[in-house]
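Chain by chain, the residues run as shown.
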Amino acid sequence: MEFYDVLEKRRTYRDFSDRKVSDEILRRVINAAFKAPTNDHLRQLEFIVIRGQENIAKVIAPLAKNMAMFKELVSEVDESGDKDKMAMFADALPKQQKMLMQSGLLILPFFRQLTWPLLKPTEQSSLNYFASAWCALENMLLAATNEGLGTVFHIPVGDEAEQIKRIVHAPEGYEFLCLLTMGYPAENAFLPKQKDINIEERIHTNAW
Ligand SMILES: Cc1cc2nc3c(=O)[nH]c(=O)nc-3n(C[C@H](O)[C@H](O)[C@H](O)COP(=O)(O)O)c2cc1C
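Summarised in this report is the structure supplied together with it. In this text the structure is predicted, and so the values were computed from the model without any measurement.

**Description of the overall build of the protein chain**
And then number 1: Secondary structure assignment for the protein chain yields nine helices and five strands.
And then number 2: Reading the helices (α) and strands (β) of the protein chain from amino to carboxyl end gives α-α-β-α-α-α-α-β-α-β-α-β-β-α.
And then number 3: Taken over C-alpha atoms, the radius of gyration comes to 18 Å for the protein chain, in line with the 17 Å a tight globule of 208 residues would show.
And then number 4: The principal-axis extents of the C-alpha atoms in the protein chain amount to approximately 45 × 45 × 40 Å.
And then number 5: The 208 residues of the protein chain split such that 27% are buried.

So this is what it looks like as structure tokens:
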């Protein structure tokens, strides 16, 4: 695929078929993570790959309890009256657990969080480990798109991260970014409408 086509085609899919993603494709997608820029030349990424809906169910069990809290969080930020956003949430909310299981492939991207606890940064650069890991994640999303896969991730809320780290026996000093899944989109996969952005209005020449 042409690079700009990949950018256009990368969308958040929340409906997958059960067609298996091969190990070979998965390896190429994970390899893409290591091509991203990284603070201090570190590339301290590790991946837990979980296959099979039953195994995934065990890892995402903490989500069930937190779904109510997640909905509350969303309605709190829902005063914008943004119709595109609400259409996205109306589709996304009920699918948070199912979407992570449907393709039978779940990935936990871990990064080494040195020096500062992730949730206690003291300055912007304290978040460099986190930022590097997100650069790597975007590379993976684009590589997966290039392989004809759809992707989606769930960001842990409440105590999900701590509980999931315990379930998968994550070592001390490592954090995971999100629960990432990828798979072949279902035939009837729903894609919320994209926002129309006028780039000219977003570019400020010399000063805002
Ligand atoms: C930081 C971040 C957190 C997100 N968290 C979630 C999430 O927890 N669950 C979910 O279904 N989608 C999540 N998304 C996906 C967004 O809803 C999606 O990217 C957005 O609606 C734009 O749609 P697109 O990815 O198809 O362009 C998240 C995206 C980002 C960048």
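**Brief notes about the packing of helix H2 (residues 23-33) against helix H7 (residues 128-146)**
Describing two packed helices takes the angle between their axes plus the distance from one axis to the other.
And then number 1: Running from amino to carboxyl end, H2 crosses H7 at an angle of 145°, the nearest separation of the two axes being 7 Å. H2 and H7 meet at a crossing whose hand is right-handed. Facing Arg-28, Val-29, Ile-30, Ala-32 and Ala-33 of H2, the residues of H7 in contact are Ala-136, Asn-139, Met-140, Ala-143 and Ala-144.
And then number 2: Looking at side-chain class alone, the contact of H2 with H7 contains eight nonpolar, one polar and one charged residues.

**With respect to unusual backbone geometry**
And then number 1: Of note in the backbone geometry, His-41 takes a positive phi value of approximately 60° without being a glycine.
And then number 2: Mapped onto the elements, His-41 comes out in the loop between H2 and strand S1 (45-51).
And then number 3: The exposure class of His-41 is exposed, given the 6 C-beta atoms found within 10 Å.
And then number 4: Phi at Asn-206 takes a positive value of approximately 70°, unusual for a residue other than glycine.
And then number 5: Within the secondary structure layout, Asn-206 lies in the segment after helix H9 (199-202).

**Topic: the nonpolar core**
And then number 1: Judged by nonpolar contacts, the single largest core of 38 residues is most densely connected at Leu-100, Leu-106, Ala-133, Met-140 and Ala-144.
And then number 2: When contributions to this core are tallied by element, the ones reaching two or more residues are H2, S1, helix H6 (98-101), strand S2 (105-112), H7, helix H8 (160-167) and strand S5 (179-183).
And then number 3: For this core, the leading source of residues is H7, giving eight residues.
And then number 4: If we skip the residues at most four places from it in the chain, Leu-100 touches Ile-56, Ile-60, Leu-106, His-154, Leu-179 and Thr-181.

**So, the pairing of S2**
And then number 1: Of all eight residues that make up S2, seven are buried, and the element is covered over most of its length.
And then number 2: Alignment of S1 against S2, held across seven bridges, turns out to be antiparallel. Across the sheet, Phe-47 pairs through a bridge with Pro-109, a residue of S2.
And then number 3: As paired elements, S2 and S5 share two bridges and run antiparallel to each other. Within S5, the position partnered with Ile-107 by the bridge is Leu-180.
And then number 4: In this structure, S2 lies alongside strand S4 (residues 174-176), joined through three bridges in antiparallel fashion. Paired with Phe-110 across the bridge in S4 is Phe-176.

**Observations concerning the pairing of S5**
And then number 1: S5 sits mainly inside the fold: five of its five residues count as buried.
And then number 2: Side chains of S5 alternate between two faces, with Leu-179, Thr-181 and Gly-183 and Leu-180 and Met-182 buried alike.
And then number 3: Bridging between strand S3 (residues 150-154) and S5 involves five bridges; their strand directions are antiparallel. The partner of Gly-150 across the bridge, within S5, is Gly-183.

**Here's the deal with H8**
And then number 1: Burial in H8 covers these residues: Glu-160, Ala-161 and Ile-164. Buried residues in H8, looked at end-on, bunch into an arc of 95°, giving them a common side. Opposite the packed face of H8, turned more than 90 degrees from it, sit the exposed residues Glu-162 and Arg-166.
And then number 2: Positive phi appears at His-169, one or two residues downstream of H8, with a value of about 60°.

Criteria and cut-off values
Residues numbered from 1 in each chain as written. Predicted model: local features only at pLDDT ≥ 70, side-chain atom pairs only at ≥ 80, totals over all residues. Helix = DSSP H or I, 4+ residues; strand = E, 2+ residues; numbered from the N terminus. Rg over C-alpha atoms; globule rule 2.2 N^0.38 Å. Buried ≥ 20, exposed ≤ 12 C-beta atoms within 10 Å, placed from the backbone. Axes fitted to C-alpha atoms, helices over the stretch in contact; angles between N-to-C directions. Left-handed = near helix turned anticlockwise from the far one by under 90°. Contact = placed C-beta atoms within 7 Å. Nonpolar A, V, L, I, M, F, W, Y, C, P; charged D, E, K, R; others polar. Core = buried A, V, L, I, M, F, W, Y, C linked by C-beta atoms within 7 Å. Pairing = 2+ DSSP bridges. Arc of directions from axis to C-beta.

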